[in-house]
Amino acid sequence: MEENKLSITYKIINISKEVQDKITLWMNHLLVVYAFLIPINGKAKTSVFFCILLLFLYRRNYIEYLKISFKNDVVKYFLLLYLVFVIGMFYTDDISSGNAFMDKAKQLLFPLLFLSFLDIRFSFRILNAFIIGVFVSEVVSYLIHFEIIPPQLYVGTGKIYKTVVEDPSPFLNHIKHNIALAIVISILIYKLLVKDIENIYLKILSLIFITTAFINMSLIGGRTGYVALFILILLVTFLAYKNKLKKFMFISLSIFVIMFLYMYNFSEQFSNRINHAKEDIEKMIEQKNYNSSLGLRIISSYYSLEIVKDNFFLGVGTGDVMKEIGELSKKEHPYIVKSIKSPHNVYLQVFAQVGFIGFSLMILMFYKILRYKTNDKNRDDMIKIITIASLIFMLPGNFFDFFELSMFVTMISAMVCNNNFNINIKDINYKDILIYTLICFIFLVIGVTK
């Protein structure tokens, strides 16, 4: 009897290599589901991550697998940046705001986990899952715009989505929705330019998606997405034709002009956002009124710079930036801290939080990611597209959030991955697609009812 108990205990504690490989395979599949859910439902995505974490713990051999992650230099820079924010918590006064920030910043640790099981053969499957997730979000946006489905949908008290017909961004706010579309449009344009898509039907589908996604952007009022798209178009054409300068200039300018003319002449949202920006600038110049979308970004950046001047090397701590801005602005601009929760400039925010040392580490992290080399040019270029996109929307928006940072760490992990585990991976078929769909649906139900 004792021997049987010992045998069962041994089997529980020690997992065979065959079982470990099966768990590794399941974790890769779940990361595909995770990538799909990033632009759709944060709670569902969190549930998937929790399952991945449980499987990681059950798989055992933590040190062995984490060593695989540590071999990748990108992981080390993510960890260093996270550590800087942890240190910043020791001298912050606003612990509550610091904890809220760290709850999002913990995603900097995710590459350490992801690269302990991620197989290189899943890299583009993960990227494609994210693209499909954005496509689903776009389809729902159109259905709301044409009033086929309501702008708000609940199951009991569980929210599936909530938006308005005039600005139909169902699962993310309009800034994030347009950023997601801009990234996907850029990736698909790149794939078509370098002839990475060979199947004629996939080419047609990609062109349709690019067109519909671009039109969908024109229905949404996210200016950051417009700027990101125009810059990314220049980037992808440069990456595709950097050795053919005339071709690069002609194609990039043609795409840019066509898109800008369409946006300005046929997109009410785009022209409205341009006009609002003009009005905001006039208010700032003539009335010194910064209580507007653009004005709040400008004035909060000004006060962030004031904080940086007085706390250059170490900053004010991970959670104190908005508290300090509130103190500096309470006489002339008391509305700032009531209107925004962050400075909406990640560069100045990080500089103010953890000073020159932390800011330098963040810039070094992005530099190392941009300089990262794989054996595949397409991978290298995907890294550049995703990273440059992130650097763009960090200037007027956020980065340490549940969409932006999740997207970045997941896609970068997928692209820098170079591990080939001993797992049986088959080409995806209709049965696999159905299984993925079912699993996504189950997690969406969990996310909505959570």
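A quick note: this is a predicted structure, and the numbers were derived from the prediction, not measured. (Residues numbered from 1 in each chain as written. Predicted model: local features only at pLDDT ≥ 70, side-chain atom pairs only at ≥ 80, totals over all residues. Heavy atoms only, no water.)

**Q** I'd like to hear about the overall build of the protein, residue by residue, with values.
**A** Helix and strand content of the protein: 20 helices and two strands. Each principal axis of the C-alpha distribution contributes one length, and for the protein these read about 85 × 55 × 55 Å. Restricting to contacts in the protein with at least 6 residues of sequence separation, those with at least 24 account for 75%. Here the protein has roughly 22300 Å² of accessible surface; of this, 64% comes from carbon and sulfur atoms. In the protein, 46 side chains carry a positive charge and 34 a negative one; their mean positions are 5 Å apart. (Helix = DSSP H or I, 4+ residues; strand = E, 2+ residues; numbered from the N terminus. Contact = heavy atoms within 4.5 Å. Areas by Shrake-Rupley, 256 points an atom, 1.4 Å probe, with all protein chains shown as cover. Lys, Arg positive; Asp, Glu negative; His and termini not counted. Charge placed at Lys NZ, Arg CZ, Asp CG, Glu CD.)

**Q** Could you give an account of helix 12 (residues 245-266), naming the residues involved and the relevant values?
**A** The end-to-end C-alpha distance of helix 12 is 31 Å, a good match for the 32 Å that 22 residues give at a rise of 1.5 Å each. Buried residues in helix 12 make contact with helix 9 (174-193), helix 10 (200-219), helix 11 (223-241) and helix 13 (268-287). (Expected span 1.5 Å × (residues − 1).)

**Q** Requested: an account of the pattern of salt bridges, with residues and values cited.
**A** Opposite charge on two side chains permits them to pair, given that their charged atoms come into close proximity. One pass over the full model with this rule turns up 12 salt bridges. In this structure, Asp73 and Lys76 form a salt bridge, with 3.3 Å as the shortest nitrogen-oxygen distance. Within this pair, Asp73 and its partner Lys76 are both found in helix 5 (residues 73-89), separated by three residues, close to a single helical turn. For Asp73, a relative accessible area of 42% corresponds to the partly exposed category. For Lys76, a relative accessible area of 36% translates into the label partly exposed. (Salt bridge = Lys/Arg side-chain N within 4 Å of Asp/Glu carboxyl O. Buried < 20%, exposed > 50% of the residue type's maximum accessible area, 1.4 Å probe, protein only.)

**Q** Tell me about helix 11, and please be specific about residues and values.
**A** Look at helix 11: 28 Å from first C-alpha to last across 19 residues, which is about the 27 Å you get at 1.5 Å a residue. Counting buried residues along helix 11, 14 of its 19 residues qualify, which places the element largely inside the surrounding structure.

**Q** Give a description of the pairing of strand 2 (residues 158-162) that names residues and reports values.
**A** Strand direction decides the pairing type here: strand 1 (residues 152-155) and strand 2, joined by four bridges, are antiparallel. Within strand 2, the position partnered with Leu153 by the bridge is Tyr161. (Pairing = 2+ DSSP bridges.)

**Q** Please give an account of the packing of helix 2 (residues 17-37) against helix 8 (residues 123-145) that cites residues and values.
**A** As a packed pair, helix 2 and helix 8 sit with axes 7 Å apart at the nearest point and diverge in direction by 30 degrees. The pairing of helix 2 with helix 8 is recorded here as roughly parallel in orientation. In this structure, the crossing between helix 2 and helix 8 has a hand that is right-handed. For the pair formed by helix 2 and helix 8, the contact residues are His29, Leu31, Val32, Ala35 and Phe36 on the first element and Arg125, Ile126, Ala129, Phe130, Ile132, Gly133 and Val136 on the second. Looking at the contact of helix 2 with helix 8 residue by residue, the classes come out as nine nonpolar, two polar and one charged. (Axes fitted to C-alpha atoms, helices over the stretch in contact; angles between N-to-C directions. Parallel < 35°, antiparallel > 145°, perpendicular 65-115°, else oblique. Left-handed = near helix turned anticlockwise from the far one by under 90°. Nonpolar A, V, L, I, M, F, W, Y, C, P; charged D, E, K, R; others polar.)

**Q** Which residues make up the packing of helix 11 against helix 13, and what values go with them?
**A** Direction vectors running N to C along helix 11 and helix 13 enclose 105 degrees, while the axes themselves pass 10 Å from each other. Between helix 11 and helix 13, the crossing angle belongs to the class labelled roughly perpendicular. Residues Arg223, Tyr226 and Phe230 of helix 11 touch helix 13, and the partners they reach there are Gln269, Phe270, Arg273, His276, Ala277 and Asp280.

**Q** Any chance you could break down the confidence of the model for the protein for me, citing the residues and the numbers?
**A** On average, residues of the protein score 92 in pLDDT, and 97% of them reach the 70 mark or higher. The element-level mean pLDDT for the protein is lowest in helix 1 (residues 2-13), coming to 49, with helix 7 (residues 110-114) highest at 98. Note that pLDDT drops below 50 for residues 5-10; the model gives that stretch zero contacts with residues more than four away or on any other chain. (pLDDT = per-residue confidence, 0-100.)

**Q** Quick one: what's the story with the environment of Lys191, residue by residue and with numbers?
**A** Looking at where Lys191 falls in the secondary structure, it is placed in helix 9. The sequence separation of Lys191 and Ser206 amounts to 15 residues, and the corresponding C-alpha distance is 9.1 Å. Excluding its chain neighbours within four sequence positions, the residues that come into contact with Lys191 are Phe124, Leu127, Asp196 and Ile197.

**Q** Can you break down the state of the cysteines residue by residue, with the values?
**A** Counting across every chain of the model gives zero disulfides. Summary of cysteine pairing: Cys51 is not part of a disulfide, and the nearest cysteine sulfur, belonging to Cys440, is at 12 Å. (Disulfide = S-S within 2.5 Å.)

**Q** Got a sec to walk through the environment of Phe443? Specific residues and values, please.
**A** Counting through the fold element by element, Phe443 comes out in helix 20 (residues 430-449). Classification of Phe443 by relative accessible area gives buried; the value is 8%. Sequence separation of Phe443 and Asp103 is 340 residues, and the distance between their C-alpha atoms is 21 Å. Among residues more than four places away in sequence, those in contact with Phe443 are Leu30, Val33, Leu37, Ala44, Ser47, Val48 and Cys51.

**Q** Describe in detail the side chain of Asn72, supporting the description with residues and values.
**A** As for its position among the elements, Asn72 is in the loop between helix 4 (62-70) and helix 5. Residue Asn72 is classed as buried on the basis of its relative accessible area of 5%. One polar contact links Asn72 to Tyr372, side chain to side chain, over a distance of 3.2 Å. Side-chain polar atoms of Asn72 contact the backbone oxygen of Val416, separated by 3.3 Å. Setting aside chain neighbours within four positions, we find Asn72 in contact with Leu115, Tyr372 and Val416. (Polar contact = N/O pair within 3.5 Å; in protein donor to acceptor, adjacent residues only side chain to side chain.)

**Q** Outline the packing of aromatic side chains, listing residues and values.
**A** Taken as a whole, this structure holds 26 aromatic pairs when the rule is applied. Ring plane angle 15 degrees and centroid distance 6.2 Å describe the contact between Tyr142 and Phe146, whose orientation is recorded as stacked. Accessibility expressed as a relative area gives 16% for Tyr142, which makes it buried. Using a relative accessible area of 53% as the deciding quantity, one classes Phe146 as exposed. Between the aromatic rings of Phe366 and Phe408, the centroid separation amounts to 5.5 Å while the plane-to-plane angle is 50 degrees, which identifies the pairing as tilted. Of this pair, Phe366 sits in helix 17 (residues 346-370) while Phe408 sits in helix 19 (residues 404-416), placing them 42 residues apart in sequence. Phe408 matches Phe366 in its accessibility class, with the two residues each being buried. An aromatic cluster is present here, built from Phe78, Phe85, Phe101, Phe366, Phe399, Phe400 and Phe408 joined pairwise through their rings. Here the guanidinium or amino end of Arg59 rests over the ring plane of Tyr65, the centre of that ring lying 3.5 Å away. Taking the ring centre of Phe122 as reference, the NZ or CZ of Arg125 above it sits at 4.7 Å. (Phe/Tyr/Trp six-rings, centres within 6.5 Å; stacked < 30°, edge-to-face > 60°. Lys NZ or Arg CZ within 6 Å of the ring centre and 35° of its normal.)

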